[in-house]
Amino acid sequence: MIKFITSDKFLDQAANAYAVFVEQDFKFDQLSEISKKFFPALKDALKQREFTGKAHSNLVLTSADDSKLIYLIFIGLGKVNKTMCDLESYRRALASVIRIAQSYKIEKLAIQLPDSKLFNAEVEEFSKETAVISLMSEYDFDDFKTDEEKKKKSDINLIICSDKKNIAQIKKGIEIGEFIGQCVNKARYWCDMPPAHKYPKILADYAKSLEKETDLKVTVFDSEQISKMGMGGIEGVCKGSEQKPRLVVMEHKAANKNAKKVVLVGKGVTFDSGGLSLKPANAMETMKDDMAGAAVVTAAMRIISKLKLNINVIGITPLVENMPSGSATRPGDILKFYNGKTAEVKNTDAEGRLILADALSYAVKHYKPDAIIDFATLTGACSYALGPFYCGLMTKHDDLAEKLKRASLTTGERVWSLPLDDDYKKAVRSEIADICNIGNERYRAGAITAAFFLQNFVDDVPWVHLDIAGTAYGVPDIAYYRNGATAFGVRLIVDALICW
Ligand code: BES
Ligand code: MN
Ligand code: ZN
């Protein structure tokens, strides 16, 4: 747990550690106070340890204050160019401070908040980021560890220090950021949860429980209702499982009647074994995370409602488990979706598009939105194309792509466009149904052909498809993510909707 405290006095805190961010090739003058108070030989120490403030560098010194051990943490921000992107260097530097504080079991950590102008940000926004990233850096999934000693959990009192004139704005930013950070971590928690503990009913019950905490209206359709509505995709994918599917619809209403309407759709496969087209063992290892899209949409809805955004947003999450069994959908079967179209299932492992087909059709029919954005761990092809740092963005609507690219720069959750030219469209033709659930091999481009499958279900509603297969889980080297789930997309979509 992190408890946030604000103060206008940095060095007067009775803290266990003091953290200072410095730009590359900083002037020593800015550290003279801390040197005088805690470490007279600081100049020599920095020199001897060759600490110049380079990005990703840090220096931890120990000293004593009234015979109490204290740590001085210096973190390099690298060269700051006053462009938006560099906020990311702050996020990563802050993450390493929190990680250091955790490993030294520091209870009271005072940080001198850098000048937000350096990062082209307002104080409130900057403080919000500080709270979000602190919480993300501290997150760890240890519900199933029984050795209390091995749990990394630490309680940190984080004292954020700045000029007196900034304190009110900092408090405001932290309050919002704290909530966002908790929602992001909750989404990660669900992604990290073992699959036996998060089958569709459990995730649907969680979504329903948000009604108590927010102004969201949450509707859960059970498996009978799903079948009755003619959602053959959701029904067909979950048929092999002992668990029953659910479809969750979360609605946030804007105060303003004329506000725009956006639907968010999130793939919620609580475990993807591949079905009868069974995955090899190693490919199955992380498939508990195949509900990341649903977790992202649920967390985003929670935040949108709390922030009372002046835009109508509807979150839709189809929840299934993809398992092989005597009752499973077979390769060769044909499924009929909510909008009446049919698809030949040649590979039961291409299941995400089958459940999204029903969810997208539902969005179009019931909401006629101004835009639909879907989040899905959809294809291995996308994760190989872009790796863990960019998600695939596919749309025919440049204005929507621009909104997300802007948000991507401010949040550090990066997106990269893949082409949606109609040349790829024929890849999903079928001889015996309207379309086929896998792309014809001659077209390769698996991420794009999957998007063309989905396009059949959005009619003419402006639509963006985000393939988060590569970014949702196990991203290396970014200190605020740790090892497991990232909840990639929550911060991105919230930022995009704030500025919509
Ligand atoms: N959930 C997977 C995609 C995935 C792969 C996500 C790796 C994260 C990491 C998806 O359901 C899937 O199995 N896709 C197949 C599609 C293929 C059968 C057309 C794939 O990408 O191999
Ligand atoms: Mn699959
Ligand atoms: Zn899947």
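Above this note sits the structure.
What you see is a predicted model; the values in this text were computed from it and never measured.

Engineer: Looking at this model, I keep getting lost on the overall build of the chain. Mind explaining?
Structural biologist: Each helix and strand counted, the chain has 15 helices and 18 strands in total. Against the globule reference of 23 Å for 500 residues, the chain gives a C-alpha radius of gyration of 24 Å, in line with a compact fold. The principal-axis extent of the C-alpha atoms belonging to the chain is close to 80 × 50 × 45 Å. Per-residue burial for the chain yields a buried fraction of 59% across its 500 residues. Across the chain, every contact between residues at least 6 apart in sequence was considered, and the portion connecting residues at least 24 apart equals 76%.

Engineer: Which parts of the structure should I look at to understand the pattern of salt bridges?
Structural biologist: Opposite charge on two side chains makes pairing possible when the charged atoms of those side chains draw close. Summed over all chains, the structure comprises 22 salt bridges. Residues Asp-163 and Lys-165 are paired through a salt bridge, measuring 3.5 Å at the closest nitrogen-oxygen approach. By relative accessible area, Asp-163 is classed as partly exposed at 45%. Residue classification places Lys-165 among the exposed residues on the basis of a relative accessible area of 66%. For Asp-215, the salt bridge is made with Lys-308, and the minimal N-O distance between the two is 3.3 Å. With Asp-215 in the loop between helix 6 (200–213) and strand 7 (217–221) and Lys-308 in the loop between helix 10 (292–306) and strand 11 (312–322), this pair connects stretches of sequence that are 93 residues apart. Owing to a relative accessible area of 59%, Asp-215 belongs among the exposed residues under this scheme. In this structure, a network of salt bridges that share partners links the residues Glu-88, Arg-91, Arg-92 and Glu-129.

Engineer: Quick question: what am I supposed to make of the sheet that holds strand 1 (residues 2–7) here?
Structural biologist: Across a sheet, paired strands are connected by hydrogen bonds in the backbone, their directions being either parallel or antiparallel. A sheet is described by the order of its strands in space; here six strands give the open sequence 1-6-5-2-4-3, paired in mixed fashion. Where the open sheet ends on each side, the last strands, each with one partner, are strand 1 and strand 3 (58–65). For this sheet, the mean angle separating the axes of adjacent strands, direction not counted, is 25°. Of the strand pairs in this sheet, strand 2 (residues 17–23) and strand 4 (residues 68–78) are connected by seven bridges, and their pairing is parallel. Residue Ala-17 lies in a different strand from strand 4, and its bridge partner there is Tyr-71. Packed onto the sheet, helix 3 (residues 87–103) meets strand 1, strand 2, strand 3, strand 4, strand 5 (108–112) and strand 6 (156–161) and runs at close to 160° relative to strand 4. Here helix 4 (residues 123–138) sits on the sheet and contacts strand 1, strand 5 and strand 6; the angle it forms with strand 1, its principal contact strand, is near 150°.

Engineer: Would you explain the site of ligand 1 in this entry?
Structural biologist: Neighbouring ligand 1 are 15 residues; Lys-279, Asp-290, Asp-349, Glu-351 and Gly-380 lie closest to it. Between ligand 1 and Asp-272, the relevant distance is 2.9 Å, taken from an oxygen atom to a side-chain nitrogen or oxygen of the residue. Contact between ligand 1 and Gly-380: an oxygen atom at 2.7 Å from a main-chain N or O atom of the residue. For ligand 1, the protein covers 75% of the area, taking 520 Å² as the surface of the free molecule. Judged by the proximity of its atoms to the pocket grid, ligand 1 belongs to the largest pocket. Grouping the constituent residues of the shell around ligand 1 by class yields four nonpolar, four polar and seven charged.

Criteria and cut-off values
- All residue numbers refer to position in the chain's written sequence, counted from 1.
- Note on labels: chains are lettered from A, ligands numbered from 1, in written order.
- Only residues with pLDDT of at least 70 get local features here, since the model is predicted, and only at 80 or more are side-chain atom pairs given and counted; chain-wide, interface and lining totals rely on the full set of residues.
- Side-chain metrics rest on all non-hydrogen atoms present in the structure, leaving aside hydrogens and water.
- Secondary structure is summarised from DSSP: a helix means a run of H or I of at least four residues, a strand means a run of E of at least two, and numbering begins at the N terminus for each.
- Within these notes, the globule rule equals 2.2 Å times the number of residues to the 0.38 power, and the radius of gyration is based on C-alpha atoms.
- The cut-offs for exposure are 20% and 50% of the maximum accessible area for each residue type, with area from a 1.4 Å probe on protein chains only; residues under the lower value are buried, those over the upper are exposed, and the others partly exposed.
- Here, two residues are considered to be in contact whenever any of their heavy atoms come within 4.5 Å of each other.
- The term salt bridge refers to a side-chain nitrogen of Lys or Arg lying within 4 Å of a carboxyl oxygen of Asp or Glu.
- At least two bridges found by DSSP between two strands are what make those strands a pair.
- To get an axis, fit a line to the C-alpha atoms, keeping to the stretch in contact for a helix; angles then go from 0 to 180 degrees between the N-to-C directions.
- Near residues are defined by distance, with any heavy atom within 4 Å of the molecule or strand qualifying the residue.
- Any pair of nitrogen or oxygen atoms within 3.5 Å is treated as a polar contact; in protein, a donor-acceptor pairing is required on top of that, and neighbouring residues in sequence qualify only through side-chain atoms on both sides.
- The accessible surface values rely on the Shrake-Rupley method and a 1.4 Å probe; as for residues, cover is taken only from the protein chains in view.
- Whether a set of points on the 1 Å grid over the protein atoms alone is a cavity depends on a 1.4 Å probe fitting there but being unable to get out, while an open set qualifies as a pocket with protein on both sides within 12 Å along at least five of seven lines; lining residues are those with an atom within 4 Å of a point.
- Pocket occupancy is defined atom-wise: a molecule lies in a cavity or pocket when more than half of its atoms are within 2 Å of its grid points.
- Under the convention adopted here, Pro, Cys and the residues Ala, Val, Leu, Ile, Met, Phe, Trp and Tyr are nonpolar, Asp, Glu, Lys and Arg are charged, and Gly plus all remaining residues are polar.

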